[in-house]
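# Summary of the model geometry
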Amino acid sequence: MGNKTALYETHVACGGKIVDFGGWDMPIHYGSQLEEHHVVRKASGMFDVSHMTIVDLAGDDAKRYLRYLLANDVDKLKEVGKALYSAMLNEQGGVIDDLIVYNMPEGYRLVVNCGTREKDLAWMQKQADGFDVLLTERPELSMVAVQGPEAIEKAKQVLGGDKAEVISSLKVFQGLESDGWMLCRTGYTGEDGLEIIVPESEVVSFWQNLQSAGVKPCGLGARDTLRLEAGMNLYGSDMDETVSPLQANMAWTIAWQPDDRNFIGRAALETEKAEGVKSKLVGLVLEERGVLRSHQKVVVEGIGEGEITSGTFSPTLGYSIAMARVPADTSDQCAVEMRKKLQTVKVVSPPFVRNGARVYK
Amino acid sequence: MSNIPGELKYLSSHEWVRVEADGTATIGITDHAQDLLGDVVFVELPEVGAEISAGEEAGVVESVKAASDIFSPVSGEVLAVNEALEESPDLVNSEPYEDGWFFKVKLTDESDLASLLDAEAYAAACDAEDH
């Protein structure tokens, strides 16, 4: 028996097929993963993401601490509610986790992965030594992602009042509080939408109201095909503690300036950059039949080998896509060992799909 | 509870076989199997005219979740394959025992059938797998 979110009984009642997901009993789908994927691309769907870990940060040194803890720089967060995507690195430059940090009126809020909760909290606490900061986990908060071209309108319709007004005012990658809730214009699907942090006592009725308004419950299976189409990394698959952000298509999340900001892992990243980054994370496309799957071997003729880190059938495109770690010199073609045969695939830059349509070249 | 028709024969690897009135055999995968696989996206089938042997790989079914080999429960010559699956692989999910069939075989050895599971034994095998 795993951990259960406040929505567990609701998922079961909606016909959710429950699987173990990083120690949590979560719905993988409610009948058809493909149908749920398409509804998010074309209309609106909702995901229970309450298993993710929310940590609030307060104290006089909160900003100084985060500028040391994270590879991206929270000094960029000038407005209240503005969010930043960042890696949290170890001294060797490996990714401990990827997270979103929000600039809150009274400090910062971090949303980190579920499977990494314990090591993240231990690491954050350890690094807090010498800083005047207070870390508070918020397990009493649930989180629902409402995603798709109709998501924002549906959420406004269901919530009404002040919350609808707050939603209307949100800029992309911003989250604002209203009456104990937090409304964030973020997501993991490549569609417009919201991630809404809700007190767990109110989440079941919120979910049911969204469902009555025509927002379809979607499982974590569709969340994975959507995020891969959107070219977003999954922690533990596309990067982990043995991989630096330079090798994980996350160079854009490293704030090198100002020069004198010393963040954990900086020295290791600088050395790696100076010596030349040996591998990179690319997109693969197989326009023929067959499905690319994680851990399949990638062969780059004359250069070397790599590995698929995430692979799936792309429901939007109708064929398979993947992310793979390959030698840095790989150009536009390579081969994947599928069922003991080498199959030629195209190398592309993710994302594959944005706002419902193919975007890679 | 998945649907396990009483008149069919089964392999514990989740293929079913139906012996038709003309003595040919139709093969597919069970309701239980399609449920485990999730949405089916591709099916690779044997070639018409190929000789296949009982217990050997005769194709592959790929779902969003995984790729699985299809084993033939019987030996014989492939008479037909279900071309509708090329356009609509989801028939395997929606009608595993009807329009979602995989291929038809002209039996070379009827005794193959004797070693297959009946519905009750297959149901027991599924239960054992689930627990």
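Positions within a chain are numbered from 1, following the residues in the order the chain's sequence is written. Labels are handed out in written order, letters beginning with A for the chains and numbers beginning with 1 for the ligands. Selection of residues for local features in this predicted model requires a pLDDT of at least 70, selection of side-chain atom pairs for listing and counting requires 80 or more, and totals for whole chains, interfaces and linings are taken over all residues. Hydrogens and water molecules were not included; the side-chain quantities draw on all heavy atoms of the structure.

### Thoughts on the confidence of the model for chain B
Short version of the rule: pLDDT measures how confident the predictor is about each residue, on a scale from 0 to 100.
Confidence along chain B averages 94 in pLDDT terms, with 99% of residues attaining 70 or more. Scoring of the predicted complex yields 0.94 for pTM and 0.87 for ipTM.

### Some thoughts on the interface of chain A and chain B
In plain terms, the rule: Contacts are residue-level and defined by heavy atoms, with any inter-residue pair within 4.5 Å sufficient. In this description, buried area is defined as the sum, over both parts, of the accessible area (probe of 1.4 Å) that is lost when the two are combined. Throughout this description, the term salt bridge denotes a Lys or Arg side-chain nitrogen within 4 Å of a carboxyl oxygen of Asp or Glu. Think of a polar contact as two N or O atoms within 3.5 Å of one another; within protein, one of them needs to be a possible hydrogen donor and the other a possible acceptor, and neighboring residues in sequence only count if both atoms come from side chains. For helices the rule is a DSSP run of H or I covering at least 4 residues; for strands it is a run of E covering at least 2, with both sets numbered from the N terminus onward. Polarity classes work like this: nonpolar for Ala, Val, Leu, Ile, Met, Phe, Trp, Tyr, Cys and Pro, charged for Asp, Glu, Lys and Arg, and polar for all others, with Gly in that last group.
With 13 residues of chain A at the interface, the matching set in chain B holds 16 residues. For the pairing of chain A and chain B, the buried interface totals around 1300 Å² over both sides, and the portion due to carbon and sulfur atoms is 47%. When the area that chain A buries against chain B is broken down by residue, the three leading residues are A:Arg289, A:Arg293 and A:Arg339, summing to 48%. Our count for the contact surface shared by chain A and chain B stands at three salt bridges. Where chain A meets chain B, there are eleven residue pairs in polar contact (both at pLDDT 80 or more). Among the secondary structure elements, those contributing two or more residues to the side of chain A that touches chain B are helix 2 (33-42) and strand 16 (304-314) of chain A. The residue makeup of the side of chain A that touches chain B, split by class, is three nonpolar, five polar and five charged.

### Thoughts on the environment of A:Val300
Residues and elements named next belong to chain A. This is how it is decided: Three labels apply to residues, based on accessible area from a 1.4 Å probe with only protein chains included: buried if under 20% of the type maximum, exposed if over 50%, partly exposed otherwise in between.
If you trace the backbone, Val300 turns up in strand 15 (residues 297-300). Val300 sits in the buried class, given a relative accessible area of 5%. Put simply, Val300 and Met182 are 118 residues apart on the chain and 46 Å apart in space, counted from C-alpha to C-alpha. Those residues in contact with Val300, other than ones at most four positions away along the chain, are Pro327, Thr330, Gln333 and Cys334.

### Details of the pairing of strand 2 (residues 15-19) of chain B
Note on strand geometry: in a regular strand, side chains alternate between the two faces of the sheet. All names here are of chain B. To be explicit about the condition: When DSSP finds two or more bridges between a pair of strands, those strands are recorded as paired.
Here strand 1 (residues 9-10) runs beside strand 2; their pairing, made up of two bridges, is antiparallel. Bridge pairing in strand 2 places Tyr10 opposite Trp16. Bridging between strand 2 and strand 3 (residues 24-29) involves five bridges; their strand directions are antiparallel. Bridge assignment links Trp16 to a residue of strand 3, and that residue is Gly28. Connecting strand 2 to the next strand, strand 3, in antiparallel fashion are four residues, including Gly23 with a positive phi near 90°.

### Some remarks on the packing of helix 3 (residues 62-69) of chain A against helix 4 (residues 117-127) of chain A
All names here are of chain A. We apply this condition: As a rule, the C-alpha atoms of each element are fitted with a line to give its axis, helices using only the stretch in contact, and angles between N-to-C directions run from 0 to 180 degrees. Each crossing is labelled by how the near helix is turned from the far one, with a counterclockwise turn of less than a right angle marking it left-handed and a clockwise turn marking it right-handed.
It is the contact of helix 3 with helix 4, at a shortest axis distance of 11 Å, that shows an interaxial angle of 120°. The two elements helix 3 and helix 4 cross, and the hand of that crossing is right-handed. Here Tyr65, Tyr68 and Leu69 of helix 3 lie close against helix 4, whose contacting residues are Trp123, Met124, Gln125 and Gln127. Grouping the constituent residues of the contact of helix 3 with helix 4 by class yields five nonpolar, two polar and no charged.

### With respect to the sheet that holds strand 5 (residues 83-89) of chain A
Residues and elements named next belong to chain A. A sheet is described by the order of its strands in space; here five strands give the open sequence 5-6-7-4-8, paired in antiparallel fashion. Looking at which strands have only one partner, the edges of the open sheet turn out to be strand 5 and strand 8 (134-137). In this sheet, neighbouring strand axes are inclined to one another by 30° on average, regardless of whether the strands run parallel or antiparallel. Pairing of strand 4 (residues 53-58) with strand 8 involves four bridges; the strand directions are antiparallel. Considered in strand 8, the bridge of Ala58 is made with Leu134.

### Considerations on the sheet that holds strand 15 of chain A
Residue and element names in this part refer to chain A. Strand order around the closed barrel formed by six strands is 14-17-16-15-18-19, with antiparallel pairing between neighbours. Between one strand axis and the next, the sheet turns by 40° as a mean value, whatever way the strands run. Pairing of strand 18 (residues 333-338) with strand 19 (residues 341-348) involves six bridges; the strand directions are antiparallel. In the strand pairing of strand 19, Cys334 is matched with Val345. Against the sheet, helix 8 (residues 220-229) makes contact with strand 16 and strand 17 (319-327), and its axis sits at roughly 125° relative to strand 16, the strand it touches most.

### Section: the state of the cysteines
One way to say it: the disulfide is the covalent bond shared by the sulfur atoms of two cysteines. Definition in use: Working definition: a disulfide is two cysteine sulfur atoms within 2.5 Å of each other.
Applying the stated criterion across every chain yields a total of zero disulfides over all chains. No disulfide involves A:Cys184; its sulfur sits 18 Å from the nearest other cysteine sulfur, which is in A:Cys114.

### With respect to the nonpolar core
Put simply, the test is: Throughout this description, the term nonpolar core refers to a set of buried Ala, Val, Leu, Ile, Met, Phe, Trp, Tyr and Cys residues connected via side-chain atoms within 4.5 Å.
By size, the foremost hydrophobic cluster in this structure holds 36 residues, and its most contacted members are A:Phe47, A:Leu89, A:Tyr102, A:Met239 and A:Leu269. If you list the elements that add at least two residues to this core, you get helix 2, strand 5, strand 6 (95-104), strand 9 (141-147), strand 11 (181-184) and helix 8 of chain A. Core analysis: the next-biggest nonpolar cluster, separate from the first, contains 25 residues, B:Ala25, B:Val40, B:Leu107 and B:Leu116 among them.

### Digging into helix 4 (residues 119-130) of chain B
Residues and elements named next belong to chain B. We count it as follows: Take the number of residues in a helix, subtract one, and multiply by 1.5 Å to get its expected span. Here the arc refers to the directions that run from the helix axis out to each C-beta atom.
In this model helix 4 runs 16 Å from its N-terminal to its C-terminal C-alpha over twelve residues, within 8% of the 16 Å that 1.5 Å per residue would give. For helix 4, every residue scored as buried is listed here: Ala119, Tyr122 and Cys126. Burial along helix 4 is one-sided: seen end-on, the buried residues are contained in an arc of 65°. Every exposed residue of helix 4 that faces more than 90 degrees away from the buried side is listed here: Glu120 and Ala128. Among the structural elements, strand 1 and helix 1 (31-37) are those in contact with the buried residues of helix 4.

### Description of a negative patch on the surface
Heads up, the condition is: Patch construction takes residues with relative accessible area above 30% that form no salt bridge. Like charges are linked within 9 Å, and nonpolar side chains (Val, Leu, Ile, Met, Phe, Trp, Tyr) are linked within 5 Å. Surface accessibility in these figures is a Shrake-Rupley result with a 1.4 Å probe; residues are shielded only by whichever protein chains are displayed. Lys and Arg are tallied as positive, Asp and Glu as negative. Neither His nor the chain termini are counted. Charge placement uses NZ in Lys and CZ in Arg. For Asp and Glu, CG and CD serve respectively.
Residues B:Glu7, B:Glu95, B:Glu98 and B:Asp99 make up a contiguous surface patch of negative charge. With respect to the element layout, B:Glu95 can be found in the loop between helix 3 (91-94) and strand 9 (103-107).

### Points about the pattern of salt bridges
Residue and element names in this part refer to chain A. Considering all chains together, one arrives at 27 salt bridges over all chains under this definition. Across the pair Glu229 and Arg41 runs a salt bridge, and its minimum N-O distance is 2.9 Å. Of the two residues, Glu229 is situated in helix 8 and Arg41 in helix 2; the sequence distance between them amounts to 188 residues. Assessed through its relative accessible area of 6%, Arg41 is described here as buried. With a closest N to O distance of 3.0 Å, Arg185 and Asp192 form a salt bridge. Relative accessible area serves as the criterion here: at 21%, Arg185 is assigned to the partly exposed category. Here the residues in one salt-bridge network are Asp56, Arg109, Arg138 and Glu140, joined through shared partners.

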